[in-house]
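One-letter residues, chain by chain:
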Amino acid sequence: MAKVLRGVSVFSNTLAQPRSLYSVLLLRLILGFTILAGSAGFLLGTTWDIQWHSLIGRDRTLIPPHIMMLGGIALCGLATLSAILIETAWARRNPALARYGTTFADTFHGSFGAYIAGFAALNAALAFPLDSYWHALYGVDVAIWAPFHIMFIVGMALVSLGCAYMLLSAAHLASREGKKGMLRIAHAGVIIAFATVLGLFTLLVIDAMGKPGTIHAGFIVINVYPVLAALLLGWTLVAAVFVLPGRWIATRVVAVYLLFAVVMQGFVPAATGWLMAIEQLGFRDTSNNPGISLASVNWPLAPILAAVGIDIVIGLARRRGWSAGRTLLGVLPVILLGSMPVIIMEPLQTLTLAGIVGGMGAVVSLLLGMSGAFIGGWFGRRTGEAMQQVERN
Amino acid sequence: MSTFFQRLLLAFGVLVLIALLIEIGLSVAATTHGNQPARIVHVTAGSYPLTVSLYKDPANAGFALPFAIASDASQHGALSYDVYSLPGTGVSATPVHASLSPDPDIHGGIQGNAEITVQGPWTLQITVHGRAGSAVVAVPITATAPPAIPDWLGWLIGLLPFYGLLIFLVTQHGKQNKLQVA
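The rules behind these values
- Residues numbered from 1 in each chain as written.
- Chains lettered and ligands numbered in written order.
- Predicted model: local features only at pLDDT ≥ 70, side-chain atom pairs only at ≥ 80, totals over all residues.
- Heavy atoms only, no water.
- Helix = DSSP H or I, 4+ residues; strand = E, 2+ residues; numbered from the N terminus.
- Rg over C-alpha atoms; globule rule 2.2 N^0.38 Å.
- Buried < 20%, exposed > 50% of the residue type's maximum accessible area, 1.4 Å probe, protein only.
- Contact = heavy atoms within 4.5 Å.
- Lys, Arg positive; Asp, Glu negative; His and termini not counted.
- Charge placed at Lys NZ, Arg CZ, Asp CG, Glu CD.
- Pairing = 2+ DSSP bridges.
- Expected span 1.5 Å × (residues − 1).
- Bend = angle between axes of the 7 residues up to and from the residue.
- 1 Å grid on protein atoms, 1.4 Å probe; cavity = no way out; pocket = protein on both sides within 12 Å on 5 of 7 lines; lining within 4 Å.
- Points joined across faces, edges and corners; volume = space filled by probe spheres on them.
- Nonpolar A, V, L, I, M, F, W, Y, C, P; charged D, E, K, R; others polar.
- Disulfide = S-S within 2.5 Å.
- Axes fitted to C-alpha atoms, helices over the stretch in contact; angles between N-to-C directions.
- Salt bridge = Lys/Arg side-chain N within 4 Å of Asp/Glu carboxyl O.
- Polar contact = N/O pair within 3.5 Å; in protein donor to acceptor, adjacent residues only side chain to side chain.

(A) Looking closely at the overall build of chain A. Within chain A, the regular secondary structure consists of 11 helices and four strands. Taking 2.2 N^0.38 as the reference for a compact globule, 393 residues should give roughly 21 Å; the C-alpha atoms of chain A span a radius of gyration of 22 Å, in line with that estimate. When its C-alpha atoms are laid out on the principal axes, chain A stretches across 70 × 60 × 35 Å. Counting over 393 residues, chain A shows a buried share of 60%. Look at the contacts in chain A between residues 6 or more apart in sequence, and 78% of them connect residues 24 or more apart. If you average the places of the 24 positive and of the 14 negative side-chain charges in chain A, the two averages end up 19 Å apart.

Right, here's the structure in full:
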């Protein structure tokens, strides 16, 4: 009878090649990192696309930034499909392997994260032609807060979340198999996956610093950047801290998130200038390539404060045995601090924004931010604890 | 999640995949030149008489417009071309450089694809370089798009992954509660 054992030897009563738990671990690790490469490529392609739209214009559907974004989506889709089909085939030959994954529709077996990433990649792929249709109707200057932009950016953020699940399940297998090196690699992958989730959602949140995020509600003007940023930071950073062992987890996630901004700055202006020359195009409004990545210079910097604060507060809470409620109250101020708009081009943007919305508006915006920090932090803890339990056999 | 719902999700996924493959097929088909042009325009750029064949009329916004240009090469010698699609007044779009290649069926002729990104009036701007110098001519084009869906429907579809995320978070919350009770 087929039986999955710890270690590399698994025997089967079939003539087919028996697969060990180690093979499943290796598969999840390799394909998990492939998905990670696809979603990070999508992030880079999207920042390049923002640059292309702003400086040159959306001149055709298959411009190089779009190809890069579509390439990222396709890579993620193919990797998740491969992960599920391969694990399904292995589980059919050796049913004992199925208990280390999740069964779907009574037919497929695979990592829970692979299903999330697969459906999210499909959603992002569907958003692309819909976005092309939207542009065909309303023109090239559609804001980033447009239905199908949101559909593919959030879709790819969910792909990264699925990837975090997949790599975490690989980490659980590595821990079970006693493979310390692979455990460290899987944990590093989970950190990069969380940073990618943060980075992708940041592309949507950035716009809230400006006009789109400022709401004139009769007698009061408010800005929604603090509430959106607090929801995002609270959810991703608190979840990461509850998912991974060790110290300074949130700080490591934000360090990778800031590294993305550096990579964008190195890649985007150079790639834009090079392709403009090849495509014989010119800038729309300015005469020169500004030499900066628009996404990088608008990349929020305050999350580093939130990350360090979250790590310190949760570390303290663990040592002193604080209750969940007290821990959440402890992280609220630091999440809110990280949700202040601070960018390299305008470090005092918080004050500028406060000037625009006025005293009353600033107070209401901060209160909204506090509620965002509460909901984000609460869901973050729940998500982190739930992720810890997935496929932990 | 119940098996029924999982199968429903699977069926939905397969349908979306089929729709995507059809869309990719349509995009590729849009760049191929048909047997018969939908519209033939005779224009003169400077001293060069040109025959411009458009293989879609009106053009489909968001897709490539295949075209071909022919001239009496024996009269003017070898000609070279540069083609742009230019958005008309009130069209929120930027000029796009068209891709060109020699037309295998017509000596000295070229064929290409002009990208028409947004619905509305456009022109195909053709620059010809030859022995008699350079000259420019514009061929008007109209681009149409499928009927617009209402804004609210666009947002309803666009926020699909958010619903997924919310359902996911709520489900995780429910699981956590069960685990804590256990």
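(B) Structural view of the sheet that holds strand β10 (residues 133-144) of chain B. In spatial order, the strands read β3-β10-β9-β5-β6 (chain B); together these five strands make up an open sheet with mixed pairing. For this open sheet the edge positions go to β3 (59-60) and β6 (96-97) of chain B, each flanked by a neighbour on one side alone.

(C) Expanded view of helix α7 (residues 249-279) of chain A. Residues and elements named next belong to chain A. With 31 residues, α7 ought to run about 45 Å at 1.5 Å a step, and its terminal C-alpha atoms sit 43 Å apart, in line with that. Met264 marks the point of greatest bend in α7, at about 30°. Following α7 by one or two positions, Gln280 adopts a phi angle in the positive range, close to 55°.

(D) View of empty space enclosed by the protein. All names here are of chain A. Per the stated rule, a full pass over the model turns up two cavities of 30 Å³ or more. The calculated volume of the largest cavity comes to roughly 60 Å³. Residue lining of the largest cavity: Leu198, Thr202, Val205, Tyr225, Ala229, Leu232, Leu233, Tyr257, Pro300 and Pro303, and that is the complete set. Where the lining of the largest cavity is concerned, the elements lending two or more residues are α5 (180-205) and α6 (225-243). With four residues, α6 is the single largest residue contributor to the lining of the largest cavity. Its residues assigned to classes, the lining of the largest cavity shows nine nonpolar, one polar and no charged. Here the second largest cavity is characterised by a volume of approximately 50 Å³. Lining of the second largest cavity is provided by Val24, Arg28, Glu87, Trp90, Ala91, Leu97, Ala98, Gly101, His109 and Gly110. Put simply, the parts of the chain that give the lining of the second largest cavity at least two residues each are α1 (21-55), α2 (64-93) and β2 (108-110). Here the element with the most residues in the lining of the second largest cavity is α2; it accounts for three residues.

(E) Representation of the state of the cysteines within the structure. All names here are of chain A. Tallied over the entire structure, the rule returns zero disulfides over all chains. Not engaged in a disulfide, the cysteine Cys76 finds its nearest cysteine sulfur in Cys163; these two sulfurs lie 7.7 Å apart. A relative accessible area of 0% places Cys163 in the buried class.

(F) Highlighting the environment of Gly338(A). For Gly338(A), the position within the fold is in helix α10 (residues 324-338). If we skip the residues at most four places from it in the chain, Gly338(A) touches Leu233(A), Ala302(A), Pro303(A) and Ala306(A).

(G) Looking closely at the sheet that holds strand β8 (residues 110-116) of chain B. All names here are of chain B. As summarised here, the arrangement of the five strands in space is β1-β2-β4-β8-β7, forming an open sheet in which the pairing is antiparallel. Looking at which strands have only one partner, the edges of the open sheet turn out to be β1 (39-45) and β7 (99-102). Pairwise comparison of adjacent strand axes, ignoring direction, gives a mean angle of 25° for this sheet. Here helix α1 (residues 3-30) sits on the sheet and contacts β4 (63-71) and β8; the angle it forms with β4, its principal contact strand, is near 15°.

(H) Examining unusual backbone geometry more closely. In this chain, Asp57(B) is followed by Pro58(B) through a cis amide linkage whose omega measures 0°. One non-glycine residue with positive phi stands out, namely Ala105(A), at about 55°. Relative to the elements of secondary structure, Ala105(A) occurs in the loop between β1 (102-104) and β2. On the basis of relative accessible area, Ala105(A) is assigned to the buried category, the value being 2%. One non-glycine residue, Asp106(A), lies in positive phi territory at about 55°. Considering the arrangement of structural elements, one finds Asp106(A) in the loop between β1 and β2.

(I) Layout of the interface of chain B and chain A. Contact with chain B, which involves 47 residues of that partner, is made by 54 residues of chain A. Our enumeration of links across chain B and chain A arrives at one salt bridge. The shortest N-O distance in the salt bridge between Arg7(B) and Asp106(A) comes to 3.5 Å. Put simply, chain B and chain A have five residue pairs in polar contact (both at pLDDT 80 or more) between them. Secondary structure elements with two or more residues in the side of chain B that touches chain A: α1, β5 (80-87), β6, α3 (151-158) and α4 (160-181) of chain B.

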